[in-house]
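# Commentary on secondary and tertiary structure
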Amino acid sequence: MEHITFLVAVVIITALAFDFTNGFHDTANAMATSIATGALKPKVAVTIAAVLNFAGAFLSVKVATTISGGIVNEKAGLQPSIIFAALVGAILWNLLTWLKGLPSSSSHALYGGLIGATVVGVGLNGVNFDVVVTKILIPAVASPLVAGLAAWGATRLAYLITRGGREETTEKGFRRGQMFTSSLISLAHGTNDAQKTMGIITLTLVSVGALKPGALPPTWVIVSAGAAIALGTYMGGWRIIRSMGNGLTEIRPRQGLATETAAATVILTSTHMGYGLSTTQVCSGGIMGAGLGGPKRELRWSLVRRMVYTWGLTLPAAAAVAGLAAFVADQGAWGVALVGATLVAGSGAMWIASRRQPVHAGNVNDVQEVEVPVQTAAPTPATTTVAA
Amino acid sequence: MHIKWDALAQTAGLSFAITVAVVAAFALGILALSRREAAQEAVRSGIPGAGSGNLALAGAALCFSVCASVVFYGITLIAGR
């Protein structure tokens, strides 16, 4: 184990920290709609999600031996310092969007971080930009649309079919069904996202010669990655859960089941076809479709707009932060220490900022939006114009 | 750069079809359950000619088993990768 240098230890810890943020950022994907409809109590929901994320980490037999799925050229010299910088960019973006209560893609944050750090550390030739387009950008645009359309159709049909039944029995039944669909999403999430962290740690160990190339992750890597994502999931990103469950639209059980079924289906079919897509975007798209397909046909477009802007920003923003971090970390041990200190300080500052308006299991279903944008100034000029 | 539009369209179409089919099956199952409840109440309150609702229960069981098998297939997809 003499291969494990200071930098490698730092990378492993940071990878687990990213896994943790990934977990609590994405709890909302599987559970927001179940919590909003009352299918699962908030604490129960995050517990189930945590257990299934942990289980999901062990489920897959074909373990990811690649971090990026060909987005960056891993043989071109993916040094631990570059991986470290990528993780820093991804973590900071995840925390910032969590603070704002915006569901953004943890995978895109990681990919963006890898791209930014690789461009700075290796050069433009280290990034396979055609893979970025075909494997990330096109699915990123298509998958929320498909999930939204499917959830819309399923919601309409569900209301149509059950319109003659008893409302009470129907709502109870759909709530029951939601337990299964949201569990399926959690399981798929654990398998996908915990493996990314395992891949990062494994490749870091390979890059310093502690493991043979092509080696499977050691058990401690699998267990710690699964535990980190499960712990993060259990902490529950309540701010994001509130935005997704109550911010976009009012979700009733029929819409909840339609959303979750659409999300689970899109995730499974596209993963099967080899598209790496964002669970977050698929689930948000599904909720939007279900909102429009529901009896009220309502959707809070202001929040939709903010979410879509955030999705567009995720990749470049994480890339920019990671690029800067790669530049600093490349200067030597003090650079790595500086980046690490910045990461800790930035994370701490965002956590403190979140305390000002805490969202937790007890108030997650309140309709008040997280971080309500200041709009008091906007109407004033309008009225004065009219008055003048 | 080669973009496989047909594979993309296939994935999208398949996702849409499966989602709508599963939710429809589930909704039919719920409707059947609700019919059975109504039938049983009719029997209890002694309305003549009320069926027991067993057929509705069988229909519900069929619908839910369809959903369950799709979910099971989904789990094998997750595990088999």
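Refer to the structure above for everything that follows.
This report concerns the structure included in the present document. (Residues numbered from 1 in each chain as written. Chains lettered and ligands numbered in written order. Predicted model: local features only at pLDDT ≥ 70, side-chain atom pairs only at ≥ 80, totals over all residues. Heavy atoms only, no water.)

### Concerning the interface of chain B and chain A
At the junction of the two partners, chain B supplies 36 residues and chain A supplies 43 residues. Summing the contributions of chain B and of chain A, the shared interface buries around 3400 Å²; its carbon and sulfur component is 78%. At the junction of chain B with chain A, the criterion picks out 2 salt bridges. For Arg166 of chain A, the salt bridge identified is with Glu41 of chain B, shortest N-O distance 3.0 Å. Applying the counting rule to chain B against chain A returns 5 residue pairs in polar contact (both at pLDDT 80 or more). Within the residue set of the side of chain B that touches chain A, elements represented by two or more residues are helix H1 (5-44) and helix H2 (54-80) of chain B. Grouping the constituent residues of the side of chain B that touches chain A by class yields 24 nonpolar, 8 polar and 4 charged. (Contact = heavy atoms within 4.5 Å. Buried area = accessible area lost by both parts, 1.4 Å probe. Salt bridge = Lys/Arg side-chain N within 4 Å of Asp/Glu carboxyl O. Polar contact = N/O pair within 3.5 Å; in protein donor to acceptor, adjacent residues only side chain to side chain. Helix = DSSP H or I, 4+ residues; strand = E, 2+ residues; numbered from the N terminus. Nonpolar A, V, L, I, M, F, W, Y, C, P; charged D, E, K, R; others polar.)

### Remarks on the environment of Ile3 of chain B
Looking at the element boundaries, Ile3 of chain B is found in the segment before H1. In sequence terms Ile3 of chain B and Leu57 of chain B are 54 residues apart; their C-alpha atoms lie 48 Å from each other. Setting aside residues up to four positions removed in sequence, Ile3 of chain B forms contacts with Thr134 and Ile138 of chain A.

### Observations concerning a nonpolar patch on the surface
On the surface, Leu149, Trp152, Leu292 and Trp301 of chain A together with Phe16 of chain B cluster together into a nonpolar patch covering about 480 Å² of accessible area. Mapped onto the elements, Leu149 of chain A comes out in helix H5 (residues 129-161). (Patch = residues over 30% accessible without salt bridge, like charges linked within 9 Å, V, L, I, M, F, W, Y side chains within 5 Å. Areas by Shrake-Rupley, 256 points an atom, 1.4 Å probe, with all protein chains shown as cover.)

### Topic: the pattern of salt bridges
Residues and elements named next belong to chain A. Applying the stated rule across the entire model yields 8 salt bridges over all chains. With a closest N to O distance of 2.5 Å, Arg252 and Glu171 form a salt bridge. In this pair, Arg252 sits in the loop between helix H8 (238-247) and helix H9 (253-273) while Glu171 sits in helix H6 (residues 167-207), placing the two residues 81 residues apart along the sequence. Of the residues examined, Arg252 reaches a relative accessible area of 31% and is grouped as partly exposed. Among the charged side chains, a network of salt bridges with common partners joins Glu171, Arg175, Glu250, Arg252 and Lys296. (Buried < 20%, exposed > 50% of the residue type's maximum accessible area, 1.4 Å probe, protein only.)

### Let's talk about empty space enclosed by the protein
The final tally for this structure, using the stated rule, is 3 cavities of 30 Å³ or more. Counting residues per element, the ones that place at least two in the lining of the largest cavity are H5 and H9 of chain A together with H1 of chain B. Its residues assigned to classes, the lining of the largest cavity comprises 8 nonpolar, 4 polar and no charged. (1 Å grid on protein atoms, 1.4 Å probe; cavity = no way out; pocket = protein on both sides within 12 Å on 5 of 7 lines; lining within 4 Å. Points joined across faces, edges and corners; volume = space filled by probe spheres on them.)

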